[in-house]
Amino acid sequence: MVSIKGGRKRLVTGVVSTVTAGLAFGAFALSGTANGAAKTAEAADAGRHAKPTIVLEHGAFADGSSWNGVIADLRADGYPVIAAANPLRGPASDAAALRAVLDHVKGPKILVGHSYGGNVISQAATDDPEVKALVYVAAFLPAPGESALELTNKYPGSTLPDALDPVTYEQADGSTATDLYIQQDKFRHQFAADVPAQQAALMAAEQRPIAQAALEEKATTAAWKTKPSWDMVTTRDLNIPGAVQRFMAKRAHAHTTEVAASHSVAVSHPRLVADVIERAAHATVR
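Residues numbered from 1 in each chain as written. Predicted model: local features only at pLDDT ≥ 70, side-chain atom pairs only at ≥ 80, totals over all residues. Heavy atoms only, no water.

A. Molecular detail of the sheet that holds strand S7 (residues 176-182). Within the open sheet, the three strands sit side by side as S6-S7-S8. Their pairing is antiparallel. Every interior strand has two partners, whereas the edge strands, strand S6 (164-170) and strand S8 (210-211), have only one. Examined bridge by bridge, S7 and S8 share two bridges and lie antiparallel to one another. Directly across from Leu180, in S8, lies its bridge partner Ile210. (Pairing = 2+ DSSP bridges. Helix = DSSP H or I, 4+ residues; strand = E, 2+ residues; numbered from the N terminus.)

B. Representation of the pairing of strand S9 (residues 229-234) within the structure. Along S9, six of the six residues are buried, which leaves the element largely enclosed by surrounding structure. Pairing analysis gives four bridges linking strand S5 (residues 131-137) to S9, with the strands arranged parallel. Within S9, the position partnered with Leu134 by the bridge is Ser229. Relative to strand S10 (residues 255-259), S9 is paired through five bridges, and the arrangement is parallel. (Buried < 20%, exposed > 50% of the residue type's maximum accessible area, 1.4 Å probe, protein only.)

C. Quick peek at helix H8 (residues 197-206). When we look at burial in H8, the residues that qualify are Ala200, Met203 and Ala204. Angularly, the buried residues of H8 cover 100° about the axis, an arc narrow enough to put them on a single face. Exposed side of H8, more than 90 degrees from the buried face: Gln198 and Ala205 are the residues found there. (Arc of directions from axis to C-beta.)

D. The packing of aromatic side chains, seen in detail. Across all of its chains, the model carries three aromatic pairs by this definition. Judged by centre distance (6.2 Å) and plane angle (85°), the rings of Phe61 and Phe191 are edge-to-face. In this pair, Phe61 is assigned in the loop between strand S2 (53-57) and helix H2 (68-76) and Phe191 in helix H7 (residues 184-191), connecting sequence segments 130 residues apart. Centroid distance Phe187 to Phe191: 5.0 Å. Interplanar angle 40°. Geometry classified as tilted. Here Phe187 and its partner Phe191 are both found in helix H7, four residues apart, which amounts to about one turn of the helix. An aromatic cluster is built from Phe61, Phe187 and Phe191, whose rings are joined through pairwise contacts. For Lys51, the ring lying beneath its charged end belongs to Tyr79, and the centroid distance is 4.6 Å. When the ring centre of Phe247 is taken as reference, the NZ or CZ atom of Lys154 above it lies at 4.7 Å. (Phe/Tyr/Trp six-rings, centres within 6.5 Å; stacked < 30°, edge-to-face > 60°. Lys NZ or Arg CZ within 6 Å of the ring centre and 35° of its normal.)

E. Seen up close, the environment of Ala92. By the secondary structure assignment, Ala92 is in helix H3 (residues 91-104). For the pair Ala92 and Thr221, spaced 129 residues apart in the sequence, the C-alpha separation amounts to 9.7 Å. Ala92 has contacts with Gln123 and Glu217, leaving out every residue within four places of it along the chain. (Contact = heavy atoms within 4.5 Å.)

F. The packing of H2 against helix H12 (residues 270-284), seen in detail. With their axes 8 Å apart at the nearest point, H2 and H12 run at an angle of 55° to one another. For the element pair H2 / H12, the angle class is oblique. The two elements H2 and H12 meet at a crossing, and its hand is right-handed. On H12, the residues touching Gly69, Val70, Asp73 and Leu74 of H2 are Pro270, Arg271, Val273, Ala274, Ile277 and Glu278. Here the residues of the contact of H2 with H12 are counted per class, giving six nonpolar, one polar and three charged. (Axes fitted to C-alpha atoms, helices over the stretch in contact; angles between N-to-C directions. Parallel < 35°, antiparallel > 145°, perpendicular 65-115°, else oblique. Left-handed = near helix turned anticlockwise from the far one by under 90°. Nonpolar A, V, L, I, M, F, W, Y, C, P; charged D, E, K, R; others polar.)

Written out as structure tokens, the structure reads:
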């Protein structure tokens, strides 16, 4: 089931020979000039209608490969795409890393975040005029002072705590920190129930952990307050309950699409995700 809500989805001799050659040359010159002017006009028109760069930010328990299907669809439609590497250490430091990527990419951009990546794009896009729209995919849209953990628990439905595999380690300064994984035997049910079993097993093995502290760190800014936003709400999500996603989307006045999908909607329904991203691009980049 997919529903869309919100307001805010191309041979002669002698003299005669000389005259003929001159006419032919003149025709060639005029033709060349006309073709050159046409090509210049086409190039200028193409510049006016250049597609924005789509910058994708993955979330916890995933990596850039989680966007593979979406990237393929966007590129087929002519969009330049970058899947940024998310350190998953904390919203502030992760946003700083993403801003370095954004600063390197010139021109208009559409910023897309999955899951915890929503925290990151909300902060990284603040005060960046080249980010024209935000797209949240089964993601957090925290307000200043809110954390991912707090939002997850706002409504019942998340089964993530019982699926986690915490790993505590000693840091260089002697303090301890905890990284969170999803137990591999629970990964598909928890994170990717609508993804083929073999593919989900690969995702489980490749998952990147998130620092527990990152889920507890409070947001300081919210770019969705000033930038147009689109949101894909996943109604079969066991990480971020659908009710939580709806609450955040409504608060942000986001253009909302609901999909009966797991948390890994970018893997199970890449075309739908690409369509929402392209809708945001069409609406905000002229």
